[in-house]
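A look at the structure
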Amino acid sequence: MNAERKSGKFITFEGGEGTGKTTQIQLLAEGLRAQGYEVVTTREPGGAPGADSIRSLLVSGATDKWDPLSECLLLFAARREHLNKTIWPALRQGAWVLCDRFSDSTMAYQGYGHDVPKALIQSLYDAVVGAFAPDLTLILDLDVETGLDRANARNTETASREDRFERLDRSFHERLREGFLEIARQSPDRCAVISADNSPDVVGASIWKTVESRLDTRMAGA
Ligand code: TYD
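A brief report on the enclosed structure follows.

Description of the overall build of the chain
The secondary structure content of the chain amounts to eight helices and five strands. Helices (α) and strands (β) of the chain occur, in sequence order from the N terminus, as β-α-β-α-α-β-α-α-β-α-α-β-α. Expected size for 222 residues packed as a compact globule is a radius of gyration near 17 Å; at 17 Å, the chain falls within 12% of this value. A fraction of 77% describes how many contacts in the chain between residues 6 or more apart in sequence connect residues 24 or more apart. Of the accessible surface of the chain, which amounts to about 10300 Å², a share of 49% is contributed by carbon and sulfur atoms. Here the chain holds 27 positive side-chain charges and 33 negative ones, and the gap between their average locations is 4 Å.

Written out as structure tokens, the structure is:
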């Protein structure tokens, strides 16, 4: 698959559990829309009909329900649908696409967390996504304990059963955090690490500044 020509920007949000990605995506979307940009928000796994069906297989049930490699294959199948049906069409129309998780989550969760060989994940990326990549990846970083407390409180409040990954043990989440930071070190031009240990407004301001400086857009209110 060749890289898709695009006029909009593709921004991905990454990080461990409870880092506040969902809130921050909404804040950035509102800010960009106020500046006149067309914005599409989406998430992985999911973001297209077939991908949403795969999501429901992945996010609930026993933690050992899937072998990590099967998990990778399902994630990349969902990603292919998401790219074809949602992300690439929106970018071609000039929209900015803000995506809650993308391939760095597979490298962090299945690669660093579950020991799927990183070269294999990279091969799947090359086959499924090709030369296409996010224009900017915001990695929300937070200590594991605070993140899991936040995620558990949210799940109790919303009675969510999408907690299959959150129930993995503490050392898994520590490897995950290190994995995201390592990904940021390896791709400094694409990635920015944002401290999520602050109020949503403060984190939002830091994201706004980063988007403005990295993507060279003129945005008021920074
Ligand atoms: P998400 O809905 O973003 O959950 P949260 O808002 O709690 O962060 O993602 C669902 C789960 O799927 C999450 O626990 C991480 C996991 N996941 C992977 O393990 N690999 C992936 O490639 C992706 C996209 C998600």
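Structural notes on the side chain of Ser103
Tracing the backbone through its elements, the reader meets Ser103 in helix H4 (residues 103-113). A polar contact of 3.3 Å, which involves the side chain of Ser103, links it to the side chain of Arg79. Excluding residues within four positions of it along the chain, Ser103 makes contact with Glu14, Phe76, Arg79, Tyr125 and Val129.

Some details on a nonpolar patch on the surface
A cluster of nonpolar side chains, namely Leu69, Leu73 and Leu120, defines an oily patch on the protein surface of about 230 Å² accessible area. Looking at the element boundaries, Leu69 is found in helix H3 (residues 68-92).

Re the sheet that holds strand E1 (residues 10-15)
In spatial order, the strands read E2-E3-E1-E4-E5; together these five strands make up an open sheet with parallel pairing. Both outer strands of the open sheet, strand E2 (39-43) and strand E5 (191-195), are each paired with one neighbouring strand and no more. Between one strand axis and the next, the sheet turns by 20° as a mean value, whatever way the strands run. The pairing of E1 with strand E3 (residues 96-100) spans four bridges and is classified as parallel. Bridge pairing links Thr12 to Cys99 in E3.

A short note on the packing of aromatic side chains
The final tally for this structure, using the stated rule, is six aromatic pairs. Centroid distance Phe10 to Phe102: 5.1 Å. Interplanar angle 90°. Geometry classified as edge-to-face. With Phe10 in strand E1 and Phe102 in the loop between E3 and H4, the pair connects residues that are 92 residues apart, well separated along the chain. Grouping residues by exposure puts Phe10 and Phe102 together as buried. Both rings, one in Tyr109 and one in Phe180, keep their centres 6.5 Å apart while their planes meet at 80°; by these two values the pair is edge-to-face. Here Tyr109 is found in helix H4, whereas its partner Phe180 is found in helix H7 (residues 170-186), with 71 residues between them in sequence. On the basis of relative accessibility, which here comes to 5%, the residue Tyr109 falls in the buried class.

Topic: the nonpolar core
With 32 residues, the main nonpolar core has Phe10, Ile87, Val129 and Phe132 as its most contacted residues. Looking at this core, the elements with two or more residues in it are H3, E3, H4, helix H5 (118-128) and H7. Among the elements that take part in this core, H3 stands out by supplying seven residues, more than any other. The residues contacting Ile87, other than those within four sequence positions of it, are Phe10, His82, Val97, Phe102 and Phe132. Phe13, Val39, Ile207 and Trp208 belong to the second largest nonpolar core, which has 21 residues in total.

Analysis parameters
Residues numbered from 1 in each chain as written. Predicted model: local features only at pLDDT ≥ 70, side-chain atom pairs only at ≥ 80, totals over all residues. Heavy atoms only, no water. Helix = DSSP H or I, 4+ residues; strand = E, 2+ residues; numbered from the N terminus. Rg over C-alpha atoms; globule rule 2.2 N^0.38 Å. Contact = heavy atoms within 4.5 Å. Areas by Shrake-Rupley, 256 points an atom, 1.4 Å probe, with all protein chains shown as cover. Lys, Arg positive; Asp, Glu negative; His and termini not counted. Charge placed at Lys NZ, Arg CZ, Asp CG, Glu CD. Polar contact = N/O pair within 3.5 Å; in protein donor to acceptor, adjacent residues only side chain to side chain. Patch = residues over 30% accessible without salt bridge, like charges linked within 9 Å, V, L, I, M, F, W, Y side chains within 5 Å. Salt bridge = Lys/Arg side-chain N within 4 Å of Asp/Glu carboxyl O. Pairing = 2+ DSSP bridges. Axes fitted to C-alpha atoms, helices over the stretch in contact; angles between N-to-C directions. Phe/Tyr/Trp six-rings, centres within 6.5 Å; stacked < 30°, edge-to-face > 60°. Buried < 20%, exposed > 50% of the residue type's maximum accessible area, 1.4 Å probe, protein only. Core = buried A, V, L, I, M, F, W, Y, C linked by side-chain atoms within 4.5 Å.

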